[in-house]
Amino acid sequence: MQTLPITRIRILIFLLLFFSVNLYALEPIVLENCNNLAVGKYIEYLEDRDKILELEEIQKREMGWTRSQKDSVHFGFTTSRYWLRFAIQNSSVNSQDCILDTAFSRIDLIEFFHPLEDGSYKMIQTGDTYPYSQRDVDHINFAFKINLKPNNTKIFYMNVSSKYNVTNLDPVLHSNESFIKNIRDQAMVNGLFYGFMIIMFFYNLALFVQLKEIVYFYFSAFMFFYVIYFLGIQGTAYCYFYPNFPWIQNRDYQITIPIVLFFSTLFVNTFLDLKTRLHKGYLINKFILIILVIWFLINPFLVVDYFLKFSFHFTNTFLLVALAVTFFNSIYLAFKKFRPAYFYLAAWVLLLLASVLRLLQTASILPANPLVQSSVQIGVSFTMVLLSLGLADKLN
C-alpha cells in the first residue's frame, strides 16, 4: 500500500483549509455612501437555540452560518436567539457616519456590537422589553449609529431574540440625511392616515348622536380601536404614550385585536342585518363575540412561555377565522342582491389587496417604494370610505 509523502499531505491540508476559509468568507458591503442601502442580502445568521453563545465564541465560528437570500431577514415566532453578522468596507477616502435601521419596532432584545479601533466591541443593548430611552437612536424602529473609517473594513455583530413578538428585520443603511428624509416621509403618510381616521371617527360619532343609529357607534368604536392597534404595531404608542412600560408594549396588540374584532363583528351584524337575513351567520358571530370577551379577559395574564406562544398563534388564527366568516357572509348576501353586502365585500377585497401588497414587499418580491410601504394605510382609508358610503346608502 502506497502512502503519500509528508510534503504532499501538508499541501493538501493547506489547500483544504484555504478553500474552506474562503468558502465561508463574509462578503463585505462595499460602501461609497450609505443612502438607503438594503443590507439584508449581505447578512449571515446563526441560530443559538439554547442562548448560550457569547461574542468571543461567535467571532471564532466560521461554520454554521447561513447567508440571507433576501433584503428581509425573518425568523418568525421563535424562542431561539439568532446571531447576525455583516461586514462593511468603506471604499471612500472620508469617514462615514451611517445609521442602521432595522425597520422593525417589535423585537424583545437586540444586542448590537460595534467594532472599536483597538479590536474590541462596544455593545448596545435595547429592545421593547427595555424602556424606550435605552435606544441608541430616538426612533420608533430599532436603529444604531455606525462610524466607518476611510478605506477600512469592519465586521458588525448583532443578536436578536423575542418571547412576545415575531423576530423580523428589514435592515437598511442610511446616511443622517436619508434617515431624516425617511422619517419625514413616514411622518407625512402616518399623519395623513391618522388625521383622516380621526375625522372619520368624529363624523360617524356625530351621526350616531344625531340619528341614534347604533351601527354608527359600532363603526366609530371599530375605527378608534383600530387606530390604537395601528399605533401600537408601528411602535408610535410606545414612543409617545408609555415609553417606560415595556409590559404594555409587548401585550398591546393581544389586547387591542380582540377589541377591534369585537366592534367590527357587532358592526357587521348590524350593517348586514345578519339576525334577519342570515341567522346562522348571526349565531356564529355571537359565538365569536363570546370567545373574544373570554380571550380579552384572560389574555393579559398568560405569562408562561408556552402560553405566550399559544396566545400569539391563537390570536392570529382566530383573526383569520373571524375575517373568513365575515367574508363568506358578505358573499352570500351579495348573491342575494342585498345592497350593503356589495359595499362591504368591495371594502373587504380592497383591504385584502392592500395587505397582500405589503406582504409581498415584506417578502422582497415587490420593491420597497413609498406606495407599497403605505399600502395598508391607503387600503384602510378607502375601506372606511366605502363602508361610510354603504351606511349612507343603507339608511337612505
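Residues numbered from 1 in each chain as written. Predicted model: local features only at pLDDT ≥ 70, side-chain atom pairs only at ≥ 80, totals over all residues. Heavy atoms only, no water.

Undergrad: Which residues make up the overall build of the protein chain, and what values do they have?
TA: Check the secondary structure of the protein chain and you find 12 helices and 13 strands. Of all 396 residues assigned to the protein chain, the portion counted as buried reaches 46%. Sequence-distant contacts, at least 24 apart, represent 75% of the contacts inside the protein chain between residues at least 6 apart. Approximately 21,100 Å² of the protein chain is accessible, and the part contributed by carbon and sulfur atoms is 66%. (Helix = DSSP H or I, 4+ residues; strand = E, 2+ residues; numbered from the N terminus. Buried < 20%, exposed > 50% of the residue type's maximum accessible area, 1.4 Å probe, protein only. Contact = heavy atoms within 4.5 Å. Areas by Shrake-Rupley, 256 points an atom, 1.4 Å probe, with all protein chains shown as cover.)

Undergrad: For the pattern of salt bridges, give the residues involved together with the corresponding values.
TA: When their charged atoms lie close together, side chains carrying opposite charge are able to pair. Considering all chains together, one arrives at 11 salt bridges under this definition. Salt-bridge contacts for Glu62 lead to Arg85; the nearest nitrogen and oxygen are separated by 3.6 Å. On the criterion of sequence distance, the pair formed by Glu62 in the loop between α2 (55–60) and β4 (66–67) and Arg85 in strand β6 (residues 81–90) is long-range, its members being 23 residues apart. Residue classification places Arg85 among the buried positions, given a relative accessible area of 3%. For the salt bridge of Arg339 with Asp393, the shortest nitrogen-to-oxygen distance reads 2.6 Å. Pair noted here: Arg339 is in helix α10 (residues 339–362) and Asp393 is in helix α12 (residues 375–395), with a separation of 54 residues, a long-range link. Here Arg339 falls in the partly exposed class, since its relative accessible area comes to 48%. We classify Asp393 as partly exposed; its relative accessible area is 25%. Each of Glu44, Glu62 and Arg85 takes part in a single network of salt bridges with overlapping partners. (Salt bridge = Lys/Arg side-chain N within 4 Å of Asp/Glu carboxyl O.)

Undergrad: Give me the lowdown on the side chain of Gln377, citing residues and values where you can.
TA: With respect to the helices, strands and loops of the structure, Gln377 is situated in helix α12. For Gln377, a relative accessible area of 8% gives the class buried. At a separation of 3.1 Å, a polar atom in the side chain of Gln377 contacts the side chain of Asn190. Here Gln377 is in contact with Val189, Asn190, Phe193, Phe230 and Gln234, once residues within four sequence places are set aside. (Polar contact = N/O pair within 3.5 Å; in protein donor to acceptor, adjacent residues only side chain to side chain.)

Undergrad: Report on unusual backbone geometry, specifying residues and quantitative values.
TA: Of note in this structure, Lys212 is not a glycine but carries a positive phi near 60°. Along the chain, the position of Lys212 falls in the loop between α3 (176–211) and α4 (214–234). The exposure class of Lys212 is exposed, given its relative accessible area of 63%. At Lys337, a residue that is not glycine, the phi angle is positive and equals roughly 65°. Structurally, the position occupied by Lys337 is in the loop between α9 (305–335) and α10. Lys337 gets classed as exposed once you look at its relative accessible area, which sits at 68%.

Undergrad: How would you sum up the sheet that holds strand β2 (residues 37–38)? Please name residues and give values.
TA: Pairing within the open sheet is antiparallel, and its four strands lie in the order β2-β13-β7-β10. Of all the strands in the sheet, the pair left with one neighbour each is β2 and β10 (143–148). For strand β7 (residues 96–101) and β10, the ladder comprises six bridges, and the chain directions are antiparallel. Counted as the bridge partner of Asp97 is Asn147 from β10. Strand contacts of α3: β7, β10 and β13 (172–175), with the helix running at about 110° to β13, the strand carrying the most contacts. (Pairing = 2+ DSSP bridges. Axes fitted to C-alpha atoms, helices over the stretch in contact; angles between N-to-C directions.)

Undergrad: I'd love a proper account of the environment of Leu116, names of residues and values included.
TA: Assignment of secondary structure puts Leu116 in the loop between β8 (109–115) and β9 (121–126). On a C-alpha basis, the gap between Leu116 and Asn147 in space is 9.4 Å, while along the polypeptide they are 31 residues apart. Apart from residues lying up to four places away in sequence, Leu116 is in contact with Tyr121, Lys122 and Lys154.

Undergrad: Just give me the short version of helix α8 (residues 279–298), but keep the residues and values in it.
TA: Its 20 residues place the ends of α8 29 Å apart at the C-alpha level, agreeing with the 28 Å of an ideal helix rising 1.5 Å per residue. Those residues of α8 that fall on the buried side of the exposure criterion are Gly281, Tyr282, Asn285, Ile288, Leu289, Leu292 and Trp295. When α8 is viewed along its axis, its buried side chains cluster within an angular range of 140° and face the same direction. Of the residues in α8, the exposed ones pointing more than 90 degrees away from the buried face are Lys280, Phe287, Ile290 and Leu297. (Expected span 1.5 Å × (residues − 1). Arc of directions from axis to C-beta.)

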